[in-house]
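Structural overview
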Amino acid sequence: MSNITKTAMITVCGRPNVGKSSLTNALVGEKIAIVSNKPQTTRNRIYGVVNRDDTQYVLLDTPGLHKARSRLGDYMVKVVRESLAQVEAALLLVEPIAHVGEPEKILLSRIAEEKIPVILCINKVDTVENKGQLLEVIAAYNAYYNHFEAIIPISARTGDGLDELMEQMSKYAQEGPQLFPDGMTTDQPDAQVCAEIVREKMLLCLEKEIPHGTAMEVTRFTERENGIIDLDVTIYCEKASHKGIIIGKHGDMLKKISTLARQDIEKFMGTKVYMETWVKVKENWRDNVNFMRTHGYDEQ
């Protein structure tokens, strides 16, 4: 029986590739958001759900704030801006660099407009050899914005500082009903998580712009009586030449992507998965409003 009596909606924001999805996954305790070392990995707002004691925390993992170059990019920026409305607090995730960049300035301006509390999280502290460097980072951010509720050095990778972060987040919990049922760790349907895992493996295996020009569609997601999942995924790319690269010589690249994805999907689903993947060309889909809408990037 759940004893949840409080909730806290908290946005995790920052520039691309700063570790927002890694932090969300670490706090949730399982992989719900894909991770790569390439920017603009996250495209949609993803809810991560954490139940601790009497509080349910709903973390809004957002795309990195960047300069949009397509309708998809416009959509991603819009998601970031809207995610800072009607939440209890924001976590601004930054790297341990003593400089406040333009993305951070824009986000802090938006946070000030919404008049919401903000926690500065300095991520990747496990990469800092001289801890005095952290003092320089703190000083730089305090000089630009002196309304941080707390400044917490963390490592999403090692877990350092996460207990302190959870304790700080508990201060923003409001009395209210549980928003998500017990056992639910994300608002994403299982099929969507599976599609995103395929996209993550493309980001891992492919170079340059090609993985950013792909979209995933799950065309079959069925469960047999014995619990085995049958999964069909179509990968859309923007050029015929990209299709050849994604498939690879003798189909080797597509097989590699599919194998890596299936292994993670089986961990997420907790059962065996039979997966088939196809690659189709859809030119300029990132500027095609109808295509974006039917694939989950709804601008309305």
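Presented here is an overview of the structure given in this document. Please read these numbers as outputs of a predicted model, since none were measured by experiment.

Quick word on the overall build of the protein
A count of helices and strands for the protein gives nine helices and 10 strands. Counting only residues that meet the buried cut, the protein has 51% of its 300 residues in that class. Here the analysis covers contacts within the protein between residues at least 6 apart in sequence; of these, 71% occur between residues at least 24 apart. Accessible surface, the protein as shown: approximately 14400 Å² in total, 47% of it carbon and sulfur.

Quick look at the pattern of salt bridges
When charged atoms on two side chains of opposite charge get close, those side chains can pair. Within this structure, the stated rule accounts for 12 salt bridges. Close ionic contact of Lys-6 with Asp-54 constitutes a salt bridge, the shortest N to O distance being 3.9 Å. Within this pair, whereas Lys-6 is found in strand E1 (residues 6–13), its partner Asp-54 is found in the loop between strand E2 (46–52) and strand E3 (55–61), the two being separated by 48 residues in sequence. Given the relative accessible area of 26%, Lys-6 is considered partly exposed. Between Glu-95 and Lys-124 there is a salt bridge, with the nearest N and O atoms lying 2.6 Å from each other. Pair noted here: Glu-95 is in the loop between strand E4 (89–94) and helix H3 (102–114) and Lys-124 is in the loop between strand E5 (118–122) and helix H4 (132–144), with a separation of 29 residues, a long-range link. We classify Glu-95 as partly exposed; its relative accessible area is 25%.

Topic: the pairing of E1
Across the eight residues of E1, seven count as buried, placing the element largely inside the fold. The pairing of E1 with strand E7 (residues 174–175) spans two bridges and is classified as antiparallel. Paired with Thr-7 across the bridge in E7 is Gln-174. When E1 meets E4, the two strands line up parallel, connected through four bridges. Among the inter-strand pairings, Ile-10 is bridged to a residue of E4, identified as Ala-89.

Parameters at a glance
- Position numbers for residues count from 1 along each chain, tracking the sequence in the order it is written.
- pLDDT decides what is reported in this predicted model: residues at 70 or higher carry local features, side-chain atom pairs at 80 or more are listed and counted, and totals for whole chains, interfaces and linings draw on all residues regardless.
- Here the side-chain values reflect all heavy atoms present in the structure, with hydrogen atoms and water set aside.
- Only runs of H or I of at least four residues qualify as helices and only runs of E of at least two qualify as strands under DSSP, and these elements are numbered from the N terminus.
- Think of it in three bands: with a 1.4 Å probe and only protein chains considered, a residue is buried below 20% of the maximum accessible area for its type, exposed above 50%, and partly exposed in between.
- In what follows, residue pairs with any heavy atoms lying within 4.5 Å of each other are defined as contacts.
- Per-residue accessibility takes into account occlusion by the displayed protein chains alone, with areas from the Shrake-Rupley method and a 1.4 Å probe.
- Whenever Lys or Arg places a side-chain nitrogen within 4 Å of a carboxyl oxygen from Asp or Glu, that contact is recorded as a salt bridge.
- We call two strands paired when DSSP finds no fewer than two bridges between them.

Note that every value here comes from positions in space, so none of it alone points to a role or purpose.
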